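Structural features, examined
So the chains spell out like this:
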Amino acid sequence: MESSNFSHFRDSHPDTNLDLSEKAAHLFKVLVEEYLEDGEPVSSSTVAKKSRYSVSSATVRNNMARLQELGLVSSPHTSAGRIPTQHGLRFFVDGLISYEPLDRNAERHVWDELSRDQSTQDLLESASHLLSEVTQLAGLVTVPREEQISLRQVEFLQLTGRQVLVILIVNEREVQNRVIETSRAYTDVELRQAANYINDAFAGRSLEAIRTGVLDSMSQDKAQINAMLQRAFDIASKTFVESEHDFVVSGESNLVSFTSSSVKIKQLLEAFESKSSIVHLLDACIEGEGVRLFIGQESGYEPFEDYSLITAPYEVKGKVAGVLGVIGPTRMSYQKVVPLVDVTSRVLGHVIERS
């Protein structure tokens, strides 16, 4: 496995460089690990018992008071124990976790699941299902950017009136269907002529190149082209419009059990259903390098304020094609999920490029 890129967590959050003694940092680490394991407030006696130092509960309480002053832990009103704050979790994942590579069996499982003969769409669904299945959380994978999608063939079929069914064959065998509405009704002959022209002129080009380059050029020369080319331009301009960056998700229902608020559950499920805000968040993740981690409110997205998002971009032919990740509660097992997301992103990019 290639070396993992986790170090930038620290670079992205310099405010977590706190001046803690080695003992205080260790006691805090023990508290967080216990909390992530059980999800319950952790008592000073438990921290003292689990610590590698020989310390009393009173010593632990004094250290916990200091950690609370720094905003790393809080004490729920209903318990004498303490829990890490979101700020504390950030400090933990930035500097106190030792991330280990995915073990050989787990990495082989990723390769086996994603190397099966399947279309790109099925591959994306397999990747999101894999992430969800292994973590028991929600797995997300965005579809490849349009510069990674090449046109092989297009066909137009008349529906009713000005509606036309577009059948796109891209990247060798992937089939996409779209319904467009043209400026006027076209005959079957006109649609066939337009498809023949587009296939002859643009097959092999990316959808992005067709839209931004070829169509712009055709638009500028609109007055000088003949009627057949004008029809092809009209239909192509509706076919190759910029589409919203979509994603596939698996296991979103797994997140419901982590909150008892019916309002928050409704917000969360509506977020997955509408997709637009999540797409915006995932697109922002594409711009980063390596694994990225947003804890709670760091995402800037209200439905995720009690959840963490771990993402990594996947590359095809040396260029970022999309992003995948896992959404789970802020008390998820980061040391297990981060390596899984890292490996899955690398394998997915490799398999798409190879196919």
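In this text, all values refer to a predicted model and were calculated from it rather than measured experimentally. (Residues numbered from 1 in each chain as written. Predicted model: local features only at pLDDT ≥ 70, side-chain atom pairs only at ≥ 80, totals over all residues. Heavy atoms only, no water.)

Take the overall build of the protein next. Counting its regular elements, the protein contains 13 helices and 10 strands. Counting the 355 residues in the protein, one finds 47% classified as buried. For the protein, long-range pairs separated by at least 24 residues make up 65% of all intrachain contacts whose partners lie at least 6 apart in sequence. When the accessible surface of the protein is split by element, carbon and sulfur atoms take 45% of a total near 17,500 Å². (Helix = DSSP H or I, 4+ residues; strand = E, 2+ residues; numbered from the N terminus. Buried < 20%, exposed > 50% of the residue type's maximum accessible area, 1.4 Å probe, protein only. Contact = heavy atoms within 4.5 Å. Areas by Shrake-Rupley, 256 points an atom, 1.4 Å probe, with all protein chains shown as cover.)

So, on to the confidence of the model for the protein. Overall, the prediction assigns the protein a mean pLDDT of 83, with 87% of residues at 70 or greater. Below pLDDT 50 for its whole length, residues 1–14 participates in 35 contacts with residues either more than four positions away or in separate chains. (pLDDT = per-residue confidence, 0-100.)

Here Glu190 shows up in helix α8 (residues 188–202). Look at Glu190 and you get buried, because its relative accessible area is 14%. Leaving out residues up to four positions away in the same chain, Glu190 has contacts with Arg184, Ala185 and Arg231.

Now for the sheet that holds strand β7 (residues 247–250). Within a sheet, neighbouring strands are paired by backbone hydrogen bonds and run either parallel or antiparallel to one another. Taken in spatial order, the five strands line up as β7-β3-β10-β9-β8 in an open sheet, and their pairing is antiparallel. In this open sheet, the two edge strands, each paired with only one partner strand, are β7 and β8 (292–295). Averaged over all adjacent pairs, the angle separating strand axes in this sheet is 15°, with direction ignored. One ladder, built from four bridges, connects strand β3 (residues 138–142) with β7; its direction is antiparallel. Across the sheet, the residue bridging to Gly139 is Ser250, located in β7. (Pairing = 2+ DSSP bridges. Axes fitted to C-alpha atoms, helices over the stretch in contact; angles between N-to-C directions.)

Summarising the element assignment, Val326 is placed in strand β10 (residues 319–329). The exposure class assigned to Val326 is buried, which follows from its relative accessible area of 0%. Along the primary structure Val326 and Glu252 are separated by 74 residues, whereas in three dimensions their C-alpha atoms are 10.0 Å apart. Here Val326 is in contact with Leu131, Thr135, Leu137, Ala138, Ser308, Leu309, Ile310, Val337 and Val341, once residues within four sequence places are set aside.

This part takes up the sheet that holds strand β6 (residues 174–181). Ordered by their spatial adjacency, three strands build an open sheet running β4-β5-β6, and the pairing between neighbours is antiparallel. The sheet terminates laterally at β4 (151–158) and β6, the two strands that pair on one side only. Strand-to-strand twist across the sheet, computed as the mean angle between neighbouring axes with direction ignored, equals 20°. On top of the sheet, α8 reaches β4 and β5 (163–170); it is set at about 170° to β4, its chief contact.

Turning next to the nonpolar core. Nonpolar side chains tend to gather and get buried jointly when the protein is soluble and globular. Grouped together as the largest cluster of nonpolar side chains are 80 residues, with contacts concentrated most on Tyr334 and Leu348. Of the residues forming this core, the biggest block, 10 residues, is contributed by helix α13 (residues 334–354). With sequence-adjacent residues up to four places away left out, Tyr334 is seen in contact with Leu36, Leu89, Val93, Ile97, Tyr99, Leu293, Ile295, Ser308, Ile310, Pro329 and Pro339. Within the second largest apolar cluster, 21 residues are counted, among which are Ile180, Tyr186, Phe202 and Ala236. (Core = buried A, V, L, I, M, F, W, Y, C linked by side-chain atoms within 4.5 Å.)

Right, let's get into the packing of helix α7 (residues 120–135) against α13. Relative to each other, α7 and α13 sit at 165°, their axes nearing to 11 Å. Of the possible angle classes, the one that applies to α7 and α13 is roughly antiparallel. For the pair α7 and α13, the sense of crossing is right-handed. Together, Leu123, Leu124, Ala127, Leu130, Leu131, Val134 and Thr135 of α7 and Val337, Leu340, Val341, Thr344, Leu348, Val351 and Ile352 of α13 make up the contact between the two elements. (Parallel < 35°, antiparallel > 145°, perpendicular 65-115°, else oblique. Left-handed = near helix turned anticlockwise from the far one by under 90°.)

A few words on the packing of aromatic side chains. For the structure on display, the rule yields four aromatic pairs. Seen from their ring centres, Tyr197 and Phe202 are 6.0 Å apart, and the 85° between their planes marks the pair as edge-to-face. Taken together through their ring pairs, the aromatic side chains of Phe272, Tyr301 and Phe304 make up a single cluster. Its end group placed over the ring of Tyr53, Lys23 keeps NZ or CZ at 5.5 Å from the ring centre. (Phe/Tyr/Trp six-rings, centres within 6.5 Å; stacked < 30°, edge-to-face > 60°. Lys NZ or Arg CZ within 6 Å of the ring centre and 35° of its normal.)

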